[in-house]
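Given next are the chains, with one letter for each unit.
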Amino acid sequence: MTSETSGDIADTSRARLDHDICVHIFTASAAMVGVCLTVIGILRVVISLRKEDMLGDDLLAVNAMLYLASCLLSYWALRTRNRGRNHRLEHIADAIFLVSLVFTAVNAGFITWAISAS
């Protein structure tokens, strides 16, 4: 096997891995948008029953927008033919997705604290 052939195999393997990462980010972030919207609906019911407002539903709306941005960027990365643009979009989508995950954990803690405090 020549170095050119092994380089081609490595490039093909890297492209396949990039594609797989984009697909996982796309599906997970799309699912998390749905989760955020569901929890917002549940919180709105709790808020209306308690007759008091919470910041948690607003934070979840921001969280859903972050997941949506990650979802759209990963979809764009899947659709582009330009390898350089694909890598940039993939890294941005990955970073936004990780920030969204951390923000989800922070939101969960905040909502738990806010509900138990009242």
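Criteria and cut-off values
- Residues numbered from 1 in each chain as written.
- Predicted model: local features only at pLDDT ≥ 70, side-chain atom pairs only at ≥ 80, totals over all residues.
- Heavy atoms only, no water.
- Helix = DSSP H or I, 4+ residues; strand = E, 2+ residues; numbered from the N terminus.
- Buried < 20%, exposed > 50% of the residue type's maximum accessible area, 1.4 Å probe, protein only.
- Contact = heavy atoms within 4.5 Å.
- Areas by Shrake-Rupley, 256 points an atom, 1.4 Å probe, with all protein chains shown as cover.
- Expected span 1.5 Å × (residues − 1).
- UniProt positions renumbered as here; feature names shortened; annotations may be inferred.
- Core = buried A, V, L, I, M, F, W, Y, C linked by side-chain atoms within 4.5 Å.

### Notes on the overall build of the chain
So, step 1. Helix and strand content of the chain: three helices and zero strands.
So, step 2. Taking all 118 residues of the chain together, 28% fall into the buried category.
So, step 3. At a minimum sequence separation of 6, the contacts of the chain that also span at least 24 residues come to 72%.
So, step 4. Approximately 7500 Å² of the chain is accessible, and the part contributed by carbon and sulfur atoms is 68%.

### A look at helix α2 (residues 56-79)
An α-helical segment advances 3.6 residues per turn. Residues three or four places apart therefore align on the same side.
So, step 1. Taking 1.5 Å of rise per residue, 24 residues should cover 34 Å, and α2 covers 34 Å from first to last C-alpha, within 8% of that figure.
So, step 2. The complete set of buried residues in α2 reads Gly56, Asp57, Leu60, Asn63, Ala64, Tyr67, Ser70, Cys71, Leu73, Ser74 and Ala77.

### Some details on the UniProt feature "transmembrane region" (unreviewed entry) in the chain
So, step 1. Within this structure's numbering, the places UniProt gives as "transmembrane region" (unreviewed entry) are residues 21-47, 59-78 and 90-115.
So, step 2. Spanning residues 21-47, this segment combines 100% helix with 0% strand, and its end C-alpha atoms are found 38 Å apart.
So, step 3. The span residues 90-115 carries 100% helix and 0% strand; its end-to-end C-alpha distance comes to 37 Å.

### Section: the nonpolar core
General note: in soluble globular proteins, nonpolar side chains tend to be found buried as a group.
So, step 1. One finds Cys36, Leu43, Met54, Leu60, Tyr67 and Ile111 to be the most contacted residues of the largest nonpolar core, which totals 19 residues.
So, step 2. Listed by contribution, the elements that provide at least two residues to this core are α1 (3-50), α2 and α3 (83-117).
So, step 3. Sorting elements by how many residues they give to this core places α1 first, with eight residues.
So, step 4. Residue contacts for Ile111: discarding those within four places in its chain leaves Leu43, Met54, Gly56 and Leu60.

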